[in-house]
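Chain and residue survey
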Amino acid sequence: MKIAVLFSKKAPQFINHYLRLLGYLEKNHAQEMFWMDLDELAKHSSHQFTRFDHVVLLAELDWLSSDQRQWLKKHRINPETLKMDWAAHQRGSRLVQCEPRIVFSPSRDANRKWNFSLWQCLNHQLATLFICQDQQELEKGAPSGVQSFFSPRNPDLHAEAFINAQGVISGDWEPCLFAKANGRPSVKLSSGPSVSNSWGIPEVDIRNKSPQAVFEECRQYLVPVPVEVLNTQSVPKQTVLHLTTLTDFSYLPFLVGMAENIARKKQTEIQLHVLALDKQVKPFLEGKYKDFLTVYELDELWEPQALRAIESRSVALKAFSSKPKLLEHVLKKTQAPVFHCDSDVYFFSSPENLLQTFGGGVTVLFPHWNDVFPAGKLDGLYNAGMVGVKPGSEPFLKWWSERCLEDCRLEPSEGLVADQGYLDFVPILFDGVTVYRKRDHNVGRWNLKTLGVHWDSSFQKLLNREQKPIQTYHAAFIDSFGFFEFKFCWDQLTTFFSGFSLQQANPAFIENVLVQQQGHWLSLARALKWKRTRRDQPSFFWVQGLGRELLDWALTSRNRFLEWKTTVRQSVF
């Protein structure tokens, strides 16, 4: 079956329509799905639509412009508009590590202050994610920062939130139906008398009620559901692949996202070895991902004299210095293939596919393939965010570890690029070194042009110039495909449900969240822009609480003054 999906992210309620689509596909078992942007409809010829079994519209017909409606009528195309109850047929897979959490999707019939107050009531009882279904809802009471979520480029992630929530409270039917299909309790906020519905979802009339009163009424319906911690090792068997990574407590969101990603994609037994760069990491991870995650601390790797030198370095240099030592330690312990992957690497396929990259060697390096030629001189030829070793690569790891202990500075003018610069010499100094050239692993913003990375026709996969699917993506910087945004939105969700306090996250992680949100949130973008004009870092005072109220008032007053000024000028001239 072939399905054409007509969409526009500008359409009101695009994400709700997407949730309906997921249920529709489950019932119709689509083999191929092609996405077509409504804004580019005129570029398609009518004969293209004859090869599709169904044409589905992710919007309401009356939302379409007159030109779009005329084009469809002229070419005799009658797209199907999805029924709301399709969302009730979609079941998803749970996260491995999931703590009790609530998801709140606001009502359009309530004002900004009312929605924010209800979220505060819910969040006081149990950590609550304020999840928005379109751009307007961000402006209607969402708290800026890590406890708000809106990802129009990746609506699948909204589905993940509804699947994993302990309970869902929503002003829209689709999130409630999605939760119902996955065995989660839900409450629909209504602006009229509560009536029985065929789905058995309780409705709460919010008219003339305070947020506290609505909260008390909703609470009785959110019957606790036992939290299921999934077992990731159903059948004990020999570990096929070992992965290593590093983190400190503030960077745990990236590690949690990586662990959940591996748990979703792995098809054989995989063990993740994590080096904790501070004393808070191990207590948090104990008991979590216990079937495939092992945590080490610095004093387990380094001798006392070397440990003193390592601990005197910054967190970043501590990580760079310890990476080869961690690989060396795990290889010696397991005598099996080991890959180091930075925690911002995302797997599109099972990590075991990395085993195919050795090509007969015992060490595999991944070139940067920089789009900008001089960058190779500054960053080194190979990326240290992904390195593979096998038994036989011990001489290389010993040499690399000694070099990083001796000098691990970031001084490109002196030829020093932390741990990464030393990799330039490895193919010359050691035997059995493979330089991986198939261009489908460790893809990042720095090589998208060189590798010819592009979407396939269905906008579901990234391909390289040879039309091979990208298997791993290194989401270190913002990119044109939106995978950096996808990765940290995934990290934000998985960390929220893992029980980690997002407010303790690294400022870089919080800033990533704000950067993503400001792309869809006008008042937040203005607030951050105002702060930057003062050459200051964005602070939570100006995006939450009293500071937010004052800033919103100031921006609203300024806009009214500018409108008045424009009106006066027009009346004069």
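Residues numbered from 1 in each chain as written. Predicted model: local features only at pLDDT ≥ 70, side-chain atom pairs only at ≥ 80, totals over all residues. Heavy atoms only, no water.

Focus on the overall build of the protein chain
Looking only at helices and strands, the protein chain features 18 helices and 23 strands. Evaluated residue by residue, the protein chain yields a buried proportion of 56% over its 573 residues. Excluding contacts between residues fewer than 6 apart, the proportion of contacts in the protein chain whose partners are at least 24 apart in sequence is 71%. Carbon and sulfur atoms make up 52% of the accessible area of the protein chain, which totals about 26,100 Å². (Helix = DSSP H or I, 4+ residues; strand = E, 2+ residues; numbered from the N terminus. Buried < 20%, exposed > 50% of the residue type's maximum accessible area, 1.4 Å probe, protein only. Contact = heavy atoms within 4.5 Å. Areas by Shrake-Rupley, 256 points an atom, 1.4 Å probe, with all protein chains shown as cover.)

Description of helix H1 (residues 14–28)
Counted at 1.5 Å a residue, the expected span for H1 with its 15 residues is 21 Å, and the 20 Å between its end C-alpha atoms agrees. Burial analysis of H1 places 13 of its 15 residues in the buried class, which makes it a mostly covered element. (Expected span 1.5 Å × (residues − 1).)

A few points about the sheet that holds strand E7 (residues 148–149)
The parallel open sheet is built from 6 strands, whose spatial order is E7-E6-E5-E8-E9-E10. Whereas interior strands pair on both sides, the edge strands pair on one side only; in this sheet they are E7 and strand E10 (203–205). Looking at chain direction, strand E5 (residues 102–105) and strand E8 (residues 167–170) are connected through 4 bridges and run parallel. When the bridges of E8 are listed, Val-103 appears paired with Val-168. (Pairing = 2+ DSSP bridges.)

Thoughts on the confidence of the model for the protein chain
Note that predicted coordinates carrying low pLDDT should not be read in detail. Of the residues in the protein chain, 90% have a pLDDT of 70 or more, and the chain-wide mean is 87. Mean pLDDT across the secondary structure elements of the protein chain bottoms out at helix H18 (residues 545–572), with 51, and peaks at strand E14 (residues 338–341), with 98. Low pLDDT, under 50, characterises residues 568–573; the predicted model gives this stretch 0 contacts beyond four residues in sequence or across chains. (pLDDT = per-residue confidence, 0-100.)

Some remarks on the pairing of E14
Where burial is concerned, the two faces of E14 agree: the one with Val-338 and His-340 and the one with Phe-339 and Cys-341 are both buried. Where E14 lies against strand E17 (residues 382–389), 4 bridges are found, and the strand directions are antiparallel. Bridging across to E17, Val-338 finds its partner in Val-389.

Some points on the packing of aromatic side chains
Considering all chains together, one arrives at 32 aromatic pairs under this definition. An angle of 15° between the planes, with centres 5.4 Å apart, marks the rings of Phe-396 and Trp-400 as stacked. Taken together, the residues Phe-396 and Trp-400, both in helix H13 (residues 394–406) and 4 residues apart, mark about one turn of the helix. Comparing Phe-396 with Trp-400, the two get one shared label, buried. Chaining the aromatic ring pairs together yields one cluster made of Tyr-346, Phe-348, Trp-455, Tyr-473, Phe-481, Phe-483, Phe-486 and Trp-490. The residue whose ring lies beneath Lys-266 is Phe-292, and the NZ or CZ to ring-centre distance is 5.8 Å. Taking the ring centre of Phe-284 as reference, the NZ or CZ of Lys-288 above it sits at 4.9 Å. (Phe/Tyr/Trp six-rings, centres within 6.5 Å; stacked < 30°, edge-to-face > 60°. Lys NZ or Arg CZ within 6 Å of the ring centre and 35° of its normal.)

What about the pairing of strand E6 (residues 128–131)?
Here E6 shows no split at all, with Thr-128 and Phe-130 on one side and Leu-129 and Ile-131 on the other all buried. By the bridge criterion, 3 bridges tie E5 to E6 in an arrangement that is parallel. The residue of E6 that forms the bridge with Ile-102 is Thr-128. Read from E5 through helix H3 (residues 112–125) to E6, the crossover connection turns out right-handed. In the sheet, E6 pairs with E7 via 2 bridges, with the strands oriented parallel. (Right-handed = clockwise from strand over helix to strand, strands pointing away.)

Describing a nonpolar patch on the surface
On the surface, Phe-425, Ile-428 and Leu-429 cluster together into a nonpolar patch covering about 340 Å² of accessible area. With respect to the helices and strands, the residue Phe-425 is situated in the loop between strand E19 (416–417) and helix H14 (426–429). (Patch = residues over 30% accessible without salt bridge, like charges linked within 9 Å, V, L, I, M, F, W, Y side chains within 5 Å. Salt bridge = Lys/Arg side-chain N within 4 Å of Asp/Glu carboxyl O.)

Considering the pattern of salt bridges
In total, this model carries 24 salt bridges according to the counting rule given. Each of Arg-108, Asp-134, Glu-137 and Asp-172 takes part in salt bridges that share partners, so that together they form one network.

Side note on the environment of Leu-222
Summarising the element assignment, Leu-222 is placed in the loop between helix H7 (211–219) and strand E11 (241–247). Given the relative accessible area of 16%, Leu-222 is considered buried. Note: C-alpha distance between Leu-222 and Pro-202 (20 residues apart in sequence) is 10.0 Å. If we ignore the near neighbours within four places in the chain, the residues touching Leu-222 are Ile-102, Gly-167, Val-168, Ile-169, Pro-185 and Val-187.

Overview of the nonpolar core
Grouped together as the largest cluster of nonpolar side chains are 117 residues, with contacts concentrated most on Leu-21, Leu-58, Val-103, Leu-243, Leu-272 and Phe-497. Among the elements that make up this core, the one with the highest residue count is helix H15 (residues 483–498) (9 residues). Setting aside residues up to four positions removed in sequence, Leu-58 forms contacts with Val-5, Leu-6, Phe-7, Ala-11, Phe-14, His-17, Tyr-18, Leu-21, Trp-35 and Leu-82. Ranked by size, the runner-up nonpolar core spans 34 residues in total, among them Ile-310, Leu-326, Leu-365 and Trp-400. (Core = buried A, V, L, I, M, F, W, Y, C linked by side-chain atoms within 4.5 Å.)

Let's talk about the sheet that holds strand E20 (residues 433–435)
Strand order in the open sheet formed by 7 strands is E13-E12-E11-E14-E17-E16-E20, with mixed pairing between adjacent strands. Of all strands in the sheet, those bounded by a partner on one side alone are strand E13 (293–297) and E20. Across the sheet, the axes of successive neighbouring strands diverge by a mean angle of 25°, strand direction being ignored. The sheet contacts of helix H11 (residues 315–334) involve E11, strand E12 (270–276), E13, E14 and E17, and relative to E11 the element is tilted by about 155°. (Axes fitted to C-alpha atoms, helices over the stretch in contact; angles between N-to-C directions.)

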